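Structural overview
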Amino acid sequence: MSSALTDLFPHPIVQAPMAGGVSVPQLAAAVAEAGGLGFLAAGYKTADGMYQEIKQLRGLTGRPFGVNLFMPQPEYADAAAVDVYAHQLAGEAAWYETELGDPDSGRDDGYDAKLAVLLDNPVPVVSFHFGVPTGDVLESLRRAGTFTLVTATTPDEALAVQRAGADAVIVQGVEAGGHQGTHRDNPETDRSGVGLLSLVAQVRETVSLPIVAAGGIMRGSQIAAALAAGASAAQLGTAFLATQESGANAVHKQALTNPLFVRTELTRAFSGRPARGLVNRFLREHGPYAPAAYPEVHHLTSPLRKKAASSGDPQGMALWAGQGHRMARELPAGQLVEVLAAELDAASTALSGKGGPR
(Lines give C-alpha, C1' and ligand atoms only; values in the text may rest on other atoms or scores of the structure.)
Protein backbone atom coordinates (compact mmCIF):
# COMPACT_ATOMS: atom_id res chain seq x y z
CA MET A 1 0.00 0.00 0.00
CA SER A 2 1.11 3.53 -0.67
CA SER A 3 3.21 4.71 2.26
CA ALA A 4 1.22 7.97 2.14
CA LEU A 5 -1.64 6.05 3.72
CA THR A 6 0.20 3.47 5.84
CA ASP A 7 2.17 6.25 7.50
CA LEU A 8 -1.11 7.60 8.86
CA PHE A 9 -2.05 4.65 11.09
CA PRO A 10 -0.04 1.73 12.53
CA HIS A 11 -2.69 -1.00 12.22
CA PRO A 12 -4.36 -1.83 8.87
CA ILE A 13 -7.75 -1.25 10.48
CA VAL A 14 -10.17 1.41 9.24
CA GLN A 15 -13.40 2.27 11.06
CA ALA A 16 -16.07 2.61 8.41
CA PRO A 17 -17.92 5.93 8.20
CA MET A 18 -21.50 5.10 9.16
CA ALA A 19 -23.97 7.91 8.47
CA GLY A 20 -27.02 8.59 10.57
CA GLY A 21 -25.28 9.45 13.82
CA VAL A 22 -23.17 6.30 14.35
CA SER A 23 -19.69 7.59 13.47
CA VAL A 24 -19.46 10.28 16.12
CA PRO A 25 -16.19 12.09 17.00
CA GLN A 26 -15.76 10.00 20.15
CA LEU A 27 -15.73 6.78 18.11
CA ALA A 28 -13.31 8.09 15.49
CA ALA A 29 -11.01 9.45 18.18
CA ALA A 30 -10.92 6.18 20.13
CA VAL A 31 -10.06 4.23 16.98
CA ALA A 32 -7.38 6.72 15.97
CA GLU A 33 -5.80 6.75 19.44
CA ALA A 34 -5.58 2.93 19.33
CA GLY A 35 -3.72 2.97 16.02
CA GLY A 36 -6.51 2.54 13.49
CA LEU A 37 -8.00 5.10 11.11
CA GLY A 38 -11.14 6.68 12.53
CA PHE A 39 -13.76 8.18 10.22
CA LEU A 40 -16.52 10.76 10.44
CA ALA A 41 -19.57 10.39 8.21
CA ALA A 42 -20.66 13.66 6.60
CA GLY A 43 -23.68 12.03 4.95
CA TYR A 44 -27.05 13.55 5.97
CA LYS A 45 -25.30 16.42 7.79
CA THR A 46 -25.02 20.07 6.82
CA ALA A 47 -21.62 21.45 5.87
CA ASP A 48 -21.48 23.31 9.18
CA GLY A 49 -22.53 20.20 11.08
CA MET A 50 -19.65 18.33 9.44
CA TYR A 51 -17.23 21.15 10.27
CA GLN A 52 -18.29 21.21 13.92
CA GLU A 53 -17.70 17.46 14.21
CA ILE A 54 -14.25 17.85 12.64
CA LYS A 55 -13.41 20.55 15.20
CA GLN A 56 -14.66 18.33 18.01
CA LEU A 57 -12.63 15.36 16.76
CA ARG A 58 -9.49 17.47 16.52
CA GLY A 59 -10.01 18.39 20.16
CA LEU A 60 -10.09 14.70 21.08
CA THR A 61 -7.09 13.42 19.13
CA GLY A 62 -4.09 14.69 17.25
CA ARG A 63 -3.93 11.55 15.14
CA PRO A 64 -5.01 11.33 11.48
CA PHE A 65 -8.66 10.64 10.63
CA GLY A 66 -10.96 10.63 7.63
CA VAL A 67 -14.24 12.21 6.50
CA ASN A 68 -16.67 10.50 4.12
CA LEU A 69 -18.84 12.30 1.54
CA PHE A 70 -21.87 11.06 -0.43
CA MET A 71 -21.78 11.85 -4.13
CA PRO A 72 -24.78 13.81 -5.54
CA GLN A 73 -27.31 11.53 -7.15
CA PRO A 74 -28.66 11.84 -10.71
CA GLU A 75 -32.35 12.60 -11.17
CA TYR A 76 -33.77 9.41 -12.60
CA ALA A 77 -36.29 8.29 -9.98
CA ASP A 78 -39.85 7.66 -11.16
CA ALA A 79 -41.98 10.22 -9.31
CA ALA A 80 -45.10 8.12 -9.83
CA ALA A 81 -43.43 5.10 -8.23
CA VAL A 82 -42.44 7.23 -5.25
CA ASP A 83 -46.04 8.43 -4.90
CA VAL A 84 -47.30 4.84 -4.96
CA TYR A 85 -44.79 3.86 -2.27
CA ALA A 86 -45.85 6.84 -0.15
CA HIS A 87 -49.43 5.60 -0.39
CA GLN A 88 -48.30 2.14 0.73
CA LEU A 89 -46.56 3.71 3.74
CA ALA A 90 -49.63 5.63 4.88
CA GLY A 91 -50.45 2.89 7.39
CA GLU A 92 -46.95 3.17 8.88
CA ALA A 93 -47.38 6.93 9.32
CA ALA A 94 -50.68 6.36 11.11
CA TRP A 95 -49.17 3.63 13.31
CA TYR A 96 -46.22 5.79 14.37
CA GLU A 97 -48.38 8.92 14.57
CA THR A 98 -46.15 10.97 12.33
CA GLU A 99 -46.12 12.41 8.84
CA LEU A 100 -44.13 11.01 5.95
CA GLY A 101 -41.12 13.06 4.91
CA ASP A 102 -40.87 15.21 1.78
CA PRO A 103 -39.24 13.06 -0.93
CA ASP A 104 -37.99 16.20 -2.67
CA SER A 105 -35.88 17.40 0.27
CA GLY A 106 -32.68 17.49 -1.77
CA ARG A 107 -30.42 15.07 -3.59
CA ASP A 108 -26.88 16.52 -3.47
CA ASP A 109 -26.38 16.20 0.34
CA GLY A 110 -24.68 19.60 0.36
CA TYR A 111 -21.76 18.14 -1.60
CA ASP A 112 -20.26 21.39 -2.92
CA ALA A 113 -20.47 23.15 0.43
CA LYS A 114 -18.82 20.23 2.20
CA LEU A 115 -16.04 20.10 -0.37
CA ALA A 116 -15.42 23.80 0.14
CA VAL A 117 -15.02 23.24 3.89
CA LEU A 118 -12.62 20.33 3.33
CA LEU A 119 -10.52 22.39 0.94
CA ASP A 120 -10.40 25.37 3.30
CA ASN A 121 -9.74 23.18 6.34
CA PRO A 122 -7.99 20.06 4.99
CA VAL A 123 -8.25 16.73 6.79
CA PRO A 124 -5.83 13.82 6.34
CA VAL A 125 -8.22 11.52 4.46
CA VAL A 126 -11.46 11.95 2.48
CA SER A 127 -13.48 9.07 1.03
CA PHE A 128 -16.44 9.08 -1.37
CA HIS A 129 -19.51 6.82 -1.62
CA PHE A 130 -22.14 6.40 -4.37
CA GLY A 131 -19.92 7.44 -7.25
CA VAL A 132 -16.62 8.89 -8.40
CA PRO A 133 -15.70 12.56 -7.98
CA THR A 134 -14.17 14.43 -10.88
CA GLY A 135 -10.45 14.42 -11.44
CA ASP A 136 -10.38 18.13 -10.61
CA VAL A 137 -11.91 17.49 -7.19
CA LEU A 138 -9.45 14.70 -6.43
CA GLU A 139 -6.51 16.82 -7.58
CA SER A 140 -7.66 19.78 -5.48
CA LEU A 141 -7.80 17.59 -2.40
CA ARG A 142 -4.38 16.16 -3.21
CA ARG A 143 -2.93 19.65 -3.45
CA ALA A 144 -4.45 20.37 -0.04
CA GLY A 145 -2.55 17.39 1.37
CA THR A 146 -5.55 15.04 1.59
CA PHE A 147 -5.38 11.33 0.74
CA THR A 148 -8.46 10.24 -1.25
CA LEU A 149 -10.36 6.95 -1.37
CA VAL A 150 -13.44 5.99 -3.41
CA THR A 151 -15.72 2.98 -2.92
CA ALA A 152 -16.12 0.42 -5.71
CA THR A 153 -18.26 -2.72 -5.84
CA THR A 154 -16.98 -4.19 -9.12
CA PRO A 155 -13.64 -4.33 -10.99
CA ASP A 156 -15.04 -1.91 -13.59
CA GLU A 157 -15.92 0.59 -10.88
CA ALA A 158 -12.43 0.21 -9.41
CA LEU A 159 -11.00 0.99 -12.84
CA ALA A 160 -13.12 4.16 -12.97
CA VAL A 161 -11.75 5.13 -9.55
CA GLN A 162 -8.19 4.69 -10.78
CA ARG A 163 -8.82 6.65 -13.97
CA ALA A 164 -10.27 9.55 -11.97
CA GLY A 165 -7.05 9.82 -10.00
CA ALA A 166 -7.98 8.64 -6.50
CA ASP A 167 -5.17 7.52 -4.22
CA ALA A 168 -6.82 4.23 -3.20
CA VAL A 169 -9.99 2.22 -3.68
CA ILE A 170 -12.33 0.84 -1.02
CA VAL A 171 -13.48 -2.53 -2.37
CA GLN A 172 -16.89 -3.28 -0.89
CA GLY A 173 -18.16 -6.85 -0.93
CA VAL A 174 -21.82 -7.80 -0.92
CA GLU A 175 -21.50 -8.86 2.75
CA ALA A 176 -21.23 -5.23 3.88
CA GLY A 177 -23.83 -3.65 6.12
CA GLY A 178 -25.54 -0.43 5.11
CA HIS A 179 -25.60 0.97 1.61
CA GLN A 180 -23.77 -0.62 -1.27
CA GLY A 181 -21.55 2.06 -2.78
CA THR A 182 -22.43 1.31 -6.39
CA HIS A 183 -21.59 4.12 -8.80
CA ARG A 184 -24.90 3.76 -10.61
CA ASP A 185 -28.05 2.43 -9.02
CA ASN A 186 -29.24 -0.16 -11.53
CA PRO A 187 -32.15 -2.31 -10.29
CA GLU A 188 -31.23 -4.98 -12.85
CA THR A 189 -28.09 -5.75 -10.86
CA ASP A 190 -29.87 -6.18 -7.51
CA ARG A 191 -28.72 -9.32 -5.67
CA SER A 192 -25.77 -9.80 -8.04
CA GLY A 193 -23.07 -8.51 -5.70
CA VAL A 194 -19.73 -10.29 -5.33
CA GLY A 195 -18.25 -11.64 -2.10
CA LEU A 196 -15.36 -9.66 -0.63
CA LEU A 197 -12.42 -12.05 -1.03
CA SER A 198 -13.30 -12.85 -4.64
CA LEU A 199 -13.84 -9.17 -5.38
CA VAL A 200 -10.54 -8.10 -3.80
CA ALA A 201 -8.67 -10.66 -5.90
CA GLN A 202 -10.40 -9.49 -9.09
CA VAL A 203 -9.76 -5.82 -8.36
CA ARG A 204 -6.13 -6.58 -7.48
CA GLU A 205 -5.69 -7.91 -11.03
CA THR A 206 -7.52 -4.92 -12.54
CA VAL A 207 -5.98 -1.84 -10.92
CA SER A 208 -2.68 -0.85 -9.35
CA LEU A 209 -4.27 1.23 -6.58
CA PRO A 210 -3.95 0.26 -2.92
CA ILE A 211 -7.06 -1.62 -1.79
CA VAL A 212 -9.00 -1.21 1.45
CA ALA A 213 -11.28 -4.26 1.83
CA ALA A 214 -14.78 -3.77 3.28
CA GLY A 215 -17.66 -6.14 3.89
CA GLY A 216 -18.59 -8.43 6.77
CA ILE A 217 -15.22 -8.30 8.54
CA MET A 218 -15.52 -8.86 12.29
CA ARG A 219 -12.30 -10.65 13.33
CA GLY A 220 -8.57 -10.17 12.90
CA SER A 221 -8.36 -13.48 11.05
CA GLN A 222 -10.70 -12.06 8.41
CA ILE A 223 -8.46 -9.00 8.08
CA ALA A 224 -5.54 -11.38 7.50
CA ALA A 225 -7.51 -13.16 4.79
CA ALA A 226 -8.31 -9.86 3.07
CA LEU A 227 -4.64 -8.84 3.19
CA ALA A 228 -3.65 -12.23 1.77
CA ALA A 229 -6.14 -11.71 -1.07
CA GLY A 230 -4.45 -8.45 -2.05
CA ALA A 231 -5.81 -5.73 0.22
CA SER A 232 -3.59 -3.38 2.18
CA ALA A 233 -6.07 -2.62 4.95
CA ALA A 234 -9.57 -3.57 6.05
CA GLN A 235 -12.56 -1.34 6.77
CA LEU A 236 -14.98 -2.50 9.48
CA GLY A 237 -18.40 -1.00 10.13
CA THR A 238 -20.71 -3.38 12.00
CA ALA A 239 -17.86 -4.40 14.32
CA PHE A 240 -17.54 -0.79 15.50
CA LEU A 241 -21.29 -0.12 15.49
CA ALA A 242 -21.57 -2.23 18.64
CA THR A 243 -18.81 -0.44 20.55
CA GLN A 244 -19.43 1.75 23.56
CA GLU A 245 -18.41 4.96 21.75
CA SER A 246 -20.66 4.32 18.76
CA GLY A 247 -23.53 6.76 18.38
CA ALA A 248 -25.91 4.00 17.27
CA ASN A 249 -29.26 3.73 19.02
CA ALA A 250 -29.13 1.22 21.90
CA VAL A 251 -31.94 -0.78 20.27
CA HIS A 252 -29.84 -1.08 17.10
CA LYS A 253 -26.79 -2.25 19.06
CA GLN A 254 -28.81 -4.86 20.94
CA ALA A 255 -30.41 -6.14 17.73
CA LEU A 256 -27.04 -7.17 16.30
CA THR A 257 -26.86 -10.18 18.62
CA ASN A 258 -30.57 -10.55 19.44
CA PRO A 259 -31.70 -14.09 18.45
CA LEU A 260 -34.87 -12.50 17.07
CA PHE A 261 -32.86 -11.19 14.10
CA VAL A 262 -31.29 -14.18 12.44
CA ARG A 263 -30.28 -12.84 9.04
CA THR A 264 -29.62 -9.79 6.91
CA GLU A 265 -30.89 -8.82 3.49
CA LEU A 266 -30.26 -6.18 0.86
CA THR A 267 -33.30 -3.94 0.65
CA ARG A 268 -34.56 -0.67 -0.83
CA ALA A 269 -37.33 -0.40 1.77
CA PHE A 270 -35.79 2.39 3.83
CA SER A 271 -33.87 4.50 1.34
CA GLY A 272 -34.61 3.45 -2.23
CA ARG A 273 -31.03 2.18 -2.69
CA PRO A 274 -29.76 -1.33 -1.90
CA ALA A 275 -28.59 -1.50 1.69
CA ARG A 276 -28.01 -4.49 3.96
CA GLY A 277 -29.89 -4.62 7.23
CA LEU A 278 -31.35 -7.03 9.74
CA VAL A 279 -34.60 -8.49 8.48
CA ASN A 280 -37.44 -6.96 10.51
CA ARG A 281 -41.14 -6.35 9.93
CA PHE A 282 -40.71 -3.16 7.91
CA LEU A 283 -38.15 -4.73 5.60
CA ARG A 284 -40.29 -7.84 5.04
CA GLU A 285 -43.50 -5.91 4.36
CA HIS A 286 -42.15 -3.07 2.21
CA GLY A 287 -38.90 -4.35 0.71
CA PRO A 288 -40.57 -6.16 -2.21
CA TYR A 289 -42.36 -2.97 -3.33
CA ALA A 290 -39.82 -0.22 -2.65
CA PRO A 291 -38.82 1.67 -5.82
CA ALA A 292 -35.31 2.49 -7.00
CA ALA A 293 -35.48 6.08 -5.78
CA TYR A 294 -32.64 7.41 -3.65
CA PRO A 295 -32.65 9.74 -1.82
CA GLU A 296 -36.41 10.25 -2.29
CA VAL A 297 -37.35 7.13 -0.30
CA HIS A 298 -34.74 8.00 2.34
CA HIS A 299 -36.43 11.36 2.90
CA LEU A 300 -39.88 9.77 2.78
CA THR A 301 -39.19 7.20 5.50
CA SER A 302 -36.97 9.35 7.72
CA PRO A 303 -39.74 10.42 10.17
CA LEU A 304 -40.94 6.81 10.44
CA ARG A 305 -37.47 5.52 11.27
CA LYS A 306 -36.87 8.29 13.80
CA LYS A 307 -40.19 7.67 15.52
CA ALA A 308 -39.57 3.92 15.66
CA ALA A 309 -36.15 4.53 17.20
CA SER A 310 -37.47 6.98 19.79
CA SER A 311 -40.19 4.46 20.63
CA GLY A 312 -37.65 1.64 21.05
CA ASP A 313 -39.27 -0.35 18.24
CA PRO A 314 -36.66 -2.29 16.23
CA GLN A 315 -39.34 -3.51 13.80
CA GLY A 316 -39.61 -0.10 12.18
CA MET A 317 -35.93 0.90 12.20
CA ALA A 318 -33.29 0.57 9.53
CA LEU A 319 -31.08 -1.89 11.40
CA TRP A 320 -28.07 -1.70 9.10
CA ALA A 321 -25.72 -4.62 9.67
CA GLY A 322 -23.23 -6.76 7.77
CA GLN A 323 -23.46 -10.51 7.43
CA GLY A 324 -21.13 -11.01 10.41
CA HIS A 325 -23.38 -9.12 12.84
CA ARG A 326 -23.76 -12.03 15.27
CA MET A 327 -20.00 -11.77 15.93
CA ALA A 328 -20.30 -8.23 17.28
CA ARG A 329 -18.42 -7.51 20.51
CA GLU A 330 -19.56 -4.83 22.93
CA LEU A 331 -16.14 -3.42 23.76
CA PRO A 332 -14.64 0.05 23.98
CA ALA A 333 -13.57 0.98 20.44
CA GLY A 334 -9.90 1.32 21.35
CA GLN A 335 -9.88 -2.10 22.97
CA LEU A 336 -11.55 -3.58 19.89
CA VAL A 337 -8.74 -2.20 17.70
CA GLU A 338 -6.19 -3.79 20.03
CA VAL A 339 -8.00 -7.15 20.00
CA LEU A 340 -8.32 -7.08 16.21
CA ALA A 341 -4.62 -6.24 15.86
CA ALA A 342 -3.66 -9.14 18.13
CA GLU A 343 -5.92 -11.51 16.20
CA LEU A 344 -4.43 -10.28 12.95
CA ASP A 345 -0.90 -10.88 14.20
CA ALA A 346 -1.79 -14.42 15.29
CA ALA A 347 -3.50 -15.21 11.99
CA SER A 348 -0.65 -13.72 9.96
CA THR A 349 1.87 -15.82 11.87
CA ALA A 350 -0.18 -18.94 11.23
CA LEU A 351 -0.52 -18.11 7.52
CA SER A 352 3.20 -17.59 7.19
CA GLY A 353 3.86 -21.05 8.61
CA LYS A 354 5.78 -19.74 11.59
CA GLY A 355 3.28 -20.74 14.17
CA GLY A 356 4.13 -24.43 14.22
CA PRO A 357 1.56 -27.24 14.14
CA ARG A 358 -1.97 -26.46 15.24
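Reference entry: report on the structure contained in this document. Nothing here was measured: the structure is a model prediction, and the numbers come from that model. (Residues numbered from 1 in each chain as written. Predicted model: local features only at pLDDT ≥ 70, side-chain atom pairs only at ≥ 80, totals over all residues. Heavy atoms only, no water.)

To continue, consider the overall build of the protein. Helix and strand counts for the protein come out as 15 helices and 11 strands. For a compact globule of 358 residues, the expected C-alpha radius of gyration is about 21 Å, and the protein comes in at 19 Å, within 12% of that figure. The dimensions of the protein, computed from C-alpha atoms along their principal axes, are 60 × 50 × 40 Å. For the protein, the residues scored as buried account for 56% of the 358 residues in total. Accessible surface computed for the protein: about 14500 Å², of which carbon and sulfur atoms make up 51%. Put simply, the protein has 27 plus and 35 minus side-chain charges, and the middle of one group is 6 Å from the middle of the other. (Helix = DSSP H or I, 4+ residues; strand = E, 2+ residues; numbered from the N terminus. Rg over C-alpha atoms; globule rule 2.2 N^0.38 Å. Buried < 20%, exposed > 50% of the residue type's maximum accessible area, 1.4 Å probe, protein only. Areas by Shrake-Rupley, 256 points an atom, 1.4 Å probe, with all protein chains shown as cover. Lys, Arg positive; Asp, Glu negative; His and termini not counted. Charge placed at Lys NZ, Arg CZ, Asp CG, Glu CD.)

Moving on, we get to the sheet that holds strand β7 (residues 178–179). Taken together, the three strands give an open sheet; going across it, the order is β7-β11-β10, and neighbouring strands pair in antiparallel fashion. Every other strand in the sheet has two partners, leaving β7 and β10 (264–267) as the edge strands with one partner each. Here β10 runs beside strand β11 (residues 275–278); their pairing, made up of four bridges, is antiparallel. Paired with L266 across the strands is R276, a residue of β11. (Pairing = 2+ DSSP bridges.)

So, about the sheet that holds strand β3 (residues 65–70). Ordered by their spatial adjacency, eight strands build an open sheet running β1-β9-β8-β6-β5-β4-β3-β2, and the pairing between neighbours is parallel. Edge positions in the open sheet fall to β1 (13–15) and β2 (38–41), since each of these has one partner strand only. Taking each pair of neighbouring strands and ignoring which way they run, the sheet shows an average axis angle of 25°. In this structure, β1 lies alongside strand β9 (residues 233–236), joined through three bridges in parallel fashion. Directly across from V14, in β9, lies its bridge partner Q235. (Axes fitted to C-alpha atoms, helices over the stretch in contact; angles between N-to-C directions.)

Right, let's talk about the layout of surface pockets for a bit. Approximately 1100 Å³ is the volume attributed to the largest pocket. Residue lining of the largest pocket: 48 residues in total, with M18, A19, G20, V22 and W320 positioned closest to the centre. Listing elements by their share of the lining of the largest pocket, those giving two or more residues are β3, β4 (125–129), β6 (168–172), β7, β9, α11 (238–241) and α14 (296–310). At six residues, α14 tops the list of elements feeding residues into the lining of the largest pocket. Forming the boundary of the second largest pocket are 18 residues, of which T153, T182, T189, S192 and G193 lie nearest the centre. Considered class by class, the residues forming the lining of the second largest pocket number four nonpolar, eight polar and six charged. (1 Å grid on protein atoms, 1.4 Å probe; cavity = no way out; pocket = protein on both sides within 12 Å on 5 of 7 lines; lining within 4 Å. Points joined across faces, edges and corners; volume = space filled by probe spheres on them. Nonpolar A, V, L, I, M, F, W, Y, C, P; charged D, E, K, R; others polar.)

As for its placement among the helices and strands, T267 is situated in strand β10. A polar contact of 3.0 Å, which involves the side chain of T267, links it to the backbone nitrogen of A269. Those residues in contact with T267 that lie beyond four places of it in its chain are R273, P274, A275, L283, G287 and W320. (Polar contact = N/O pair within 3.5 Å; in protein donor to acceptor, adjacent residues only side chain to side chain. Contact = heavy atoms within 4.5 Å.)

Per the counting criterion, the structure on display carries 13 salt bridges. One salt bridge connects D185 with R268, and the closest N-O pair in it is separated by 2.8 Å. Linking D185 in the loop between β7 and α9 (196–204) with R268 in the loop between β10 and β11, this pair joins segments that are 83 residues apart in sequence. Owing to a relative accessible area of 4%, D185 belongs among the buried residues under this scheme. The class of R268 is buried, set by a relative accessible area of 7%. Salt bridges sharing common partners tie together E139, R142, R143 and D167. (Salt bridge = Lys/Arg side-chain N within 4 Å of Asp/Glu carboxyl O.)

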